[in-house]
Amino acid sequence: MNAYERVMNRIAGKPVDHVPNLSLTMMFSAREAGVSFGEFCTDYKKLADGALRCHEKYGIDMVCAISDPMREAQGLGAKVIVPEDGVPFSPEPRIRDISQISGLKPADPMSSPRMYDRVQAVGYLKERVGMDVPVIGWIEGAIAESCDIMNMQEFFVNLLEEPEAMEEMMEICMEQSLWFAKAQIEAGADIIGMGDAASSLIGPSLYEEFALPFQQKMIRRIHDMGAKVKLHICGDLNPVLGLVAQTGADIIDVDYMVDMERAAKLFPKGSCVCGNFNPVDVVYQGNRELIFSEVKRCLAAEQWNPCMISPGCEIPKDTPPENVLAIHEAIVEGR
């Protein structure tokens with residue numbers, strides 16, 4: 001069974017030879033490719049090379065065109081700086097006042113340099129792996145993207161004080177991300193990863209009012225485009241797990257502080273829980289014995305949900321390679 005069959009069978013609730021390994025790598029992938037992170041974020045072939053190396057060397061059951069959250073932001077008009085070996089960032093908010101929202105317009109991903117670079121990465125990866133490995137594209141969720149173009153604290157304050165203006169901005173951000181998703185699907189993405197980390201910072205009432213409707217709408221539209229969705233929300237989702245279960249995502253990443261057993265019991269069969277050991281304490285600083293123990297703990301979720309395995313978030317850059325390989329070995333041994 002190849003990686004594509006393994007992941008798609010798991011989503012469909014069909015038998016697999018072993019649980020898929022969806023460990024997330026970005027800076028670690030750049031290290032494997034022998035390039036700076038700045039190069040990784042701006043040269044699609046170098047990004048693809050890192051993703052392919054991690055699939056081939058470490059048994060990761062995907063190749064993912066993820067690097068940073070600032071690609072749509074640049075298309076929306078934000079100034080973005082790409083450090084030589086750091087994460088791209090915007091030195092000043094694109095939206096400093098709600099009066100500027102009216103001038104916010106989505107850009108064609110094929111004409112926006114950094115979005116187009118990711119589309120090229122997806123197409124290049126698909127050419128290389130065909131139907132042997134799932135290709136995962138990536139977009140930002142509406143709340144995360146809003147925080148990328150407006151100061152996060154101001155966005156959350158305005159969510160309470162100016163909810164209509166914030167909804168208008170989230171609608172624009174959503175359309176930008178969906179346009180970007182469509183371009184990646186047309187280039188060959190089988191799954192779209194959707195990062196919405198900022199939504200973990202709001203309580204249940206705001207999540208239900210704002211985050212959930214946008215996530216549901218985006219996921220439905222990506223499904224209509226013909227792709228699966230992997231929802232990635234870093235942080236403590238314990239207070240909103242019941243709401244996250246309603247998003248309709250095919251795969252839902254849960255961070256290490258989330259109760260994996262509770263998530264597995266809450267999520268419907270069509271939403272695979274993916275996680276969730278600590279990427280720093282367990283993978284970067286840990287050892288083979290600890291990794292095997294944590295993978296075994298996560299595999300126990302199989303009795304309630306067709307789970308997948310990964311650290312709660314990105315594997316750190318300087319993680320010992322043998323520790324990354326141990327994740328795959330622990331999964332295979334535990335099948």
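Residues numbered from 1 in each chain as written. Predicted model: local features only at pLDDT ≥ 70, side-chain atom pairs only at ≥ 80, totals over all residues. Heavy atoms only, no water.

**Student:** Lay out the nonpolar core with the relevant residues and their values.
**Tutor:** In summary, soluble globular proteins display a tendency toward joint burial of nonpolar side chains. With 123 residues, the main nonpolar core has Phe155 and Met169 as its most contacted residues. Counting residues per element, this core draws most heavily on helix H9 (residues 163-187), which supplies 12 residues. If sequence neighbours within four positions are ignored, Met169 has contacts with Ile95, Ile101, Leu104, Ser146, Ile149, Met150 and Phe155. (Core = buried A, V, L, I, M, F, W, Y, C linked by side-chain atoms within 4.5 Å. Buried < 20%, exposed > 50% of the residue type's maximum accessible area, 1.4 Å probe, protein only. Helix = DSSP H or I, 4+ residues; strand = E, 2+ residues; numbered from the N terminus. Contact = heavy atoms within 4.5 Å.)

**Student:** Before we move on, can you summarise unusual backbone geometry with the specific residues and values?
**Tutor:** Among all residues except glycine, the phi angle is most often negative; among peptide bonds, the trans geometry is most common. Of note, the amide linkage connecting Gly275 to Asn276 takes the cis form, showing an omega dihedral of -10°. Structurally, Asn276 is set in strand S6 (residues 272-277).

**Student:** Can you lay out the environment of Asp43 for me, pointing to particular residues and giving the numbers?
**Tutor:** Among the structural elements, Asp43 can be located in the loop between helix H3 (37-42) and helix H4 (44-58). The exposure class of Asp43 is partly exposed, given its relative accessible area of 26%. Here the alpha-carbon distance between Asp43 and Arg114, two residues 71 residues apart in the chain, equals 9.3 Å.

**Student:** Quick rundown of the sheet that holds S6? Include the residues and the values.
**Tutor:** If you trace the 7 strands from one edge of the open sheet to the other, you get S1-S2-S3-S4-S5-S6-S7, paired in parallel fashion. Of all the strands in the sheet, the pair left with one neighbour each is strand S1 (63-64) and strand S7 (308-311). Relative to S7, S6 runs parallel, the two being bridged by 4 bridges. In the sheet register, Gly275 faces S7, and the bridge partner there is Ile309. Docked against the sheet, helix H6 (residues 113-129) engages S1 and strand S2 (135-140), running at close to 165° with respect to S2. (Pairing = 2+ DSSP bridges. Axes fitted to C-alpha atoms, helices over the stretch in contact; angles between N-to-C directions.)

**Student:** Go over the pattern of salt bridges, please, and point to the residues and values.
**Tutor:** Throughout the structure, instances matching the rule amount to 20 salt bridges. A salt bridge links Asp253 to Lys230; the shortest N-O distance between them is 2.5 Å. Within this pair, whereas Asp253 is found in strand S5 (residues 251-254), its partner Lys230 is found in strand S4 (residues 228-233), the two being separated by 23 residues in sequence. Of the residues examined, Asp253 reaches a relative accessible area of 3% and is grouped as buried. In this structure, Lys265 engages Glu261 in a salt bridge whose closest nitrogen and oxygen atoms are separated by 2.8 Å. Pair noted here: Lys265 and Glu261 are both in helix H12 (residues 260-266), with a separation of 4 residues, about one helical turn. (Salt bridge = Lys/Arg side-chain N within 4 Å of Asp/Glu carboxyl O.)

**Student:** Explain helix H1 (residues 3-12) to me, using residue names and the numbers behind them.
**Tutor:** Across the 10 residues of H1, 7 count as buried, placing the element largely inside the fold. Regarding H1, the residues found buried are Ala3, Tyr4, Arg6, Val7, Met8, Arg10 and Ile11. Those residues of H1 that are buried lie in contact with H4, strand S3 (191-195), S4, S5, S6 and S7. For H1, the N-terminal cap is Asn2; the gap from its side-chain oxygen to the backbone nitrogen of Tyr4 is 3.1 Å. (Polar contact = N/O pair within 3.5 Å; in protein donor to acceptor, adjacent residues only side chain to side chain.)

**Student:** So what's going on with the packing of aromatic side chains? Residues and values would help.
**Tutor:** This model, assessed by the stated rule, comprises 4 aromatic pairs. Plain terms: the ring middles of Tyr44 and Tyr124 are 6.0 Å apart, the flat faces sit at 75° to each other, and that makes the pair edge-to-face. Taken together, the residues span a long stretch of sequence, with Tyr44 in helix H4 and Tyr124 in helix H6 at a distance of 80 residues. Here the basic side chain of Lys217 rests over the ring of Phe214, its NZ or CZ set 5.8 Å away from the ring centre. (Phe/Tyr/Trp six-rings, centres within 6.5 Å; stacked < 30°, edge-to-face > 60°. Lys NZ or Arg CZ within 6 Å of the ring centre and 35° of its normal.)

**Student:** Got a sec to walk through the pairing of S3? Specific residues and values, please.
**Tutor:** For S3, a buried count of 5 out of 5 residues is recorded, marking the element as mostly surrounded by other parts of the structure. Relative to S3, S2 runs parallel, the two sharing 5 bridges. Along S3, the bridge assignment pairs Ile139 with Met194. Between S3 and its parallel partner S4, the chain crosses via helix H10 (residues 204-225), and the hand of that crossover is right-handed. (Right-handed = clockwise from strand over helix to strand, strands pointing away.)

**Student:** Could you give me a rundown of the environment of Arg262, with the residues and numbers involved?
**Tutor:** Inspection of the secondary structure assignment puts Arg262 in helix H12. C-alpha of Arg262 to C-alpha of Pro15: the two residues are 247 residues apart in sequence and 23 Å apart in space. Ignoring any residue separated from it by four or fewer positions in sequence, one finds Arg262 in contact with Asn238 and Leu241.

**Student:** Explain the packing of helix H8 (residues 152-161) against H9 to me, using residue names and the numbers behind them.
**Tutor:** Helix packing geometry: the angle between the two helix axes and the distance between the axes. With their axes 6 Å apart at the nearest point, H8 and H9 run at an angle of 125° to one another. Accordingly, the angle class assigned to the pair H8 and H9 is oblique. The segment H8 lies against H9, with Phe155, Asn158, Leu159, Leu160 and Glu161 engaging Pro163, Met166, Met169 and Met170. (Parallel < 35°, antiparallel > 145°, perpendicular 65-115°, else oblique.)

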